[in-house]
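# Remarks on the overall topology
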Amino acid sequence: MKQFWNERYAQEAYAYGTEPNAFFKNTLGKLSPGKLLLPAEGEGRNGVYAAMHGWEVSAFDQSEEGKRKADMLAENRGVRFDYKVGILEDMPFESGYFDVIGLIYAHFPAEVKEAYHRAFNSLLKPGGYIVFEAFSKGNLEYLRENPAIGGPRDAAMLFSKEELQHYFPDYEFELLSEDEVFLHEGLFHQGKGLVIRMLARKKS
Ligand SMILES: C[S@@+](CC[C@H](N)C(=O)[O-])C[C@H]1O[C@@H](n2cnc3c(N)ncnc32)[C@H](O)[C@@H]1O
């Protein structure tokens, strides 16, 4: 999969555009800037936006090409943020360190998915927030109608509301919804799709 992502990001165009995801942008605007972690950050659209708006951003992704594009975008916008190349197991993050974790289309392989979400819980401070948008399991039907929407074809990499409640049992869900959306994000998220959105606060 790493090769797949490096090849996708080797193109000149930004796969998901250079603007932040709309739900991430709107939700971040309601929270006080602090320490933000962005797993699976790709080409940096969300990290760059957050750094421009006062957040102390840490990010990681397995793709060297993703980091190269993120660094270019950050330089272009006059900001810097900490972007490490690797998988979660290699990351040096301290537990309870982050105020907010942004999981934006962070579709991990099925075999690590549950362990990763439990680890994200450990990395978040009590009282901290998780901002989440990713494709629902129901997006597979949308994908058949509209291949341009993108997203994993493996149902085990997709999400449901019940799954997120299971991963994050000690959270207050300020929002947990399954929404039909029209995405216009770069080359690979175009048109009608079905996503899960969540804003959840870790109980103190
Ligand atoms: C759909 S892209 C999303 C990129 C970005 N979050 C965005 O919304 O623009 C999914 C990303 O997950 C990354 N990824 C998948 N599995 C990973 C893993 N185990 N460790 C780190 N990154 C991973 C891929 O390299 C890819 O950049």
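Everything discussed here concerns the structure shown above.
Residues numbered from 1 in each chain as written. Predicted model: local features only at pLDDT ≥ 70, side-chain atom pairs only at ≥ 80, totals over all residues.

## Some points on the overall build of the chain
Keep this limit in mind: Every helix listed is a DSSP run of H or I at least four residues long, and every strand listed is a run of E at least two residues long, numbered separately from the N terminus. Based on C-alpha atoms, the radius of gyration is set beside the globule rule, defined as 2.2 Å times the residue count to the power 0.38.
The number of helices and strands found in the chain is seven helices and seven strands. Listed by position from the N terminus, the elements making up the chain come as α-α-β-α-β-α-β-β-α-β-α-α-β-β. For 204 residues, the compact-globule formula gives about 17 Å, and the C-alpha radius of gyration of the chain, at 16 Å, lands near that figure. Referenced to the eigenvectors of the C-alpha coordinate spread, the extents of the chain come out at roughly 40 × 40 × 30 Å.

## Notes on the pairing of strand β3 (residues 82-85)
Within a regular strand, side chains alternate between the sheet's two faces. For clarity, the threshold we go by: DSSP bridges decide pairing: two strands pair if at least two such bridges lie between them.
Relative to β3, strand β2 (residues 56-61) is paired through four bridges, and the arrangement is parallel. Bridging across to β3, Ser58 finds its partner in Asp82.

## Section: the pairing of β2
The following threshold applies: A residue is called partly exposed when the number of other C-beta atoms within 10 Å of its own lies between 12 and 20, exposed at 12 or fewer, and buried at 20 or more, with C-beta atoms placed from the backbone. Convention used here: a crossover is right-handed provided that the path from the first strand, over the helix, to the second strand proceeds clockwise when the strands point away from the viewer.
For β2, the tally of buried residues reaches five of six residues, placing the bulk of the element in the interior. Two elements, strand β1 (residues 35-39) and β2, share five bridges in a ladder whose sense is parallel. Each residue of the ladder has a partner; that of Leu38, found in β2, is Ala59. The handedness of the β1 to β2 crossover, carried by helix α3 (residues 45-52), is right-handed. Handedness of the β2-helix α4 (residues 64-77)-β3 crossover: right-handed.

## A short note on helix α5 (residues 110-123)
Definition in use: Expected span of a helix: the number of residues minus one, times 1.5 Å.
Taking 1.5 Å per residue as the helical rise, α5 with its 14 residues ought to reach 20 Å, and the 21 Å between its terminal C-alpha atoms agrees with that figure. Taken residue by residue, α5 has His117, Phe120 and Leu123 as its buried positions.

## As for the sheet that holds strand β5 (residues 124-135)
Within a beta sheet, neighbouring strands are joined by backbone hydrogen bonds and run either parallel or antiparallel to one another. Under the convention used in this document: Under this scheme, a helix contributes an axis fitted over its contacting stretch, all axes are lines through C-alpha atoms, and angles between N-to-C directions fall in the 0 to 180 degree range.
Taken in spatial order, the seven strands line up as β3-β2-β1-β4-β5-β7-β6 in an open sheet, and their pairing is mixed. Every other strand in the sheet has two partners, leaving β3 and β6 (171-185) as the edge strands with one partner each. Across the sheet, the mean angle separating the axes of adjacent strands is 15° when strand polarity is ignored. Strand direction decides the pairing type here: β5 and strand β7 (residues 189-202), joined by seven bridges, are antiparallel. In the sheet register, Phe135 faces β7, and the bridge partner there is Val195.

## Brief notes about α3
To keep things clear, this is the line we draw: Here the contact rule is simple: place C-beta atoms from the backbone, and any two residues whose C-beta atoms are within 7 Å are in contact.
Buried residues dominate α3, accounting for seven of its eight residues. Residues of α3 that are buried include every one of Arg45, Asn46, Gly47, Val48, Tyr49, Ala50 and Ala51, and no others. Buried residues belonging to α3 abut α2 (22-28), β1, β2, α4, β3 and β4 (98-104). Directly after α3, the chain includes Gly54, whose backbone phi takes a positive value near 90°.

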